[in-house]
Amino acid sequence: MAFAGDDTSRDGSLHATLSPIPTSKVTGSGTAMVHLKGNQATVTIKTRGLLANAPHAQHFHIGAKGQCPPASAATKHNGQLSLNTTDGLPFYGKIGASLTTTGDTGADHSALAVDRFPMGASYTYHRTITVDDETAKSLRNENAVVVVHGIDFNGNGKYDNVLGPSDLDPKLPSEATNPALCGPLKMAPAGAVSGGLGGTQSGDTTALAAAGGLLLAAGGAVYLRRRTGRQS
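Notes on the structure in this doc start here. (Residues numbered from 1 in each chain as written. Predicted model: local features only at pLDDT ≥ 70, side-chain atom pairs only at ≥ 80, totals over all residues. Heavy atoms only, no water.)

Thoughts on helix H2 (residues 133-140)
Turning to step 1, where the next piece is worked out: Burial in H2 covers these residues: Thr135, Ala136, Ser138, Leu139 and Arg140.
Turning to step 2, where the next piece is worked out: Positive phi appears at Glu142, one or two residues downstream of H2, with a value of about 55 degrees. (Buried < 20%, exposed > 50% of the residue type's maximum accessible area, 1.4 Å probe, protein only. Helix = DSSP H or I, 4+ residues; strand = E, 2+ residues; numbered from the N terminus.)

Printed below as a string of structure tokens:
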């Protein structure tokens, strides 16, 4: 049962099953658990089957239908039927928090901070963050969705321009920012999720070693590194 929308003092745990976005050609899966206490959210995300040696942006999306987009939301991008982040906004909504491994978690400065998101085909992410009132309210109302980004539409093992430039940053390929996995967060039985204020990732150490090469190949991630550095 969802919490009352105007009661921001009540705590609870939520969970989501992360499934592939239709038309993304992703075959992976994942889970997300969130324990909310006031405006602090302890987040645990586990994924598998994503593009290896690649960063995967991940967010709480809020303020829309609290749903993952159906296949009918896909449109043509570079002549290919696919679903980019903007196509999904009417269903999962805007970014409420960026689930980075370190530093800022805001929607404005960290939405595409690729050097601070988890990497690899499989990973476990765990971090306690502070969310704003709107995001906390959306979580309590079961109107928040976890979205993990980054797909390999043409199966060539890297982010490239098969779908054209990203709708979020034209200096990046669309594959790098398109949604890959999605799951609405629903109330779960109460139970604490332990964790400190620092973020962690485990499960794919080889991906971390390959980070530099991938970001150069992404054709714009170096730009993001510089931009993120200026904004932090």
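Focus on the packing of aromatic side chains
Turning to step 1, where the next piece is worked out: One pass over the full model with this rule turns up 0 aromatic pairs.
Turning to step 2, where the next piece is worked out: Of note, Lys25 hangs over the ring of Phe153, and the distance from its end group to the ring centre comes to 4.4 Å. (Phe/Tyr/Trp six-rings, centres within 6.5 Å; stacked < 30°, edge-to-face > 60°. Lys NZ or Arg CZ within 6 Å of the ring centre and 35° of its normal.)

Here's the deal with the environment of Gly103
Turning to step 1, where the next piece is worked out: Locating Gly103 in the fold gives a position in the loop between strand S7 (94-98) and strand S8 (123-130).
Turning to step 2, where the next piece is worked out: For Gly103 and Ile129, which are 26 residues apart along the polypeptide, the C-alpha to C-alpha distance reads 9.7 Å.
Turning to step 3, where the next piece is worked out: Beyond its immediate sequence surroundings of up to four residues, Gly103 is in contact with Arg116 and Arg127. (Contact = heavy atoms within 4.5 Å.)

Looking at unusual backbone geometry
Turning to step 1, where the next piece is worked out: Positive phi is not limited to glycine here, since Thr23 has a value of about 70 degrees.
Turning to step 2, where the next piece is worked out: Among the structural elements, Thr23 can be located in the loop between strand S1 (12-20) and strand S2 (29-37).
Turning to step 3, where the next piece is worked out: A residue is classified by how much of its surface remains accessible, and Thr23, at 24% relative accessible area, is partly exposed.
Turning to step 4, where the next piece is worked out: Phi is positive for Asn53, close to 55 degrees, though the residue is something other than glycine.
Turning to step 5, where the next piece is worked out: As for its placement among the helices and strands, Asn53 is situated in the loop between strand S3 (40-48) and strand S4 (58-62).

Some details on the pattern of salt bridges
Turning to step 1, where the next piece is worked out: Scanning all chains against the criterion turns up 2 salt bridges.
Turning to step 2, where the next piece is worked out: The shortest N-O distance in the salt bridge between Asp11 and Arg140 comes to 3.6 Å. Here Asp11 is found in the segment before S1, whereas its partner Arg140 is found in helix H2, with 129 residues between them in sequence.
Turning to step 3, where the next piece is worked out: Overall, Asp11 belongs to the partly exposed group, its relative accessible area being 35%.
Turning to step 4, where the next piece is worked out: Given the relative accessible area of 1%, Arg140 is considered buried.
Turning to step 5, where the next piece is worked out: With a closest N to O distance of 3.1 Å, Glu134 and Lys94 form a salt bridge. With Glu134 in helix H2 and Lys94 in strand S7, this pair connects stretches of sequence that are 40 residues apart.
Turning to step 6, where the next piece is worked out: A residue is classified by how much of its surface remains accessible, and Lys94, at 44% relative accessible area, is partly exposed. (Salt bridge = Lys/Arg side-chain N within 4 Å of Asp/Glu carboxyl O.)

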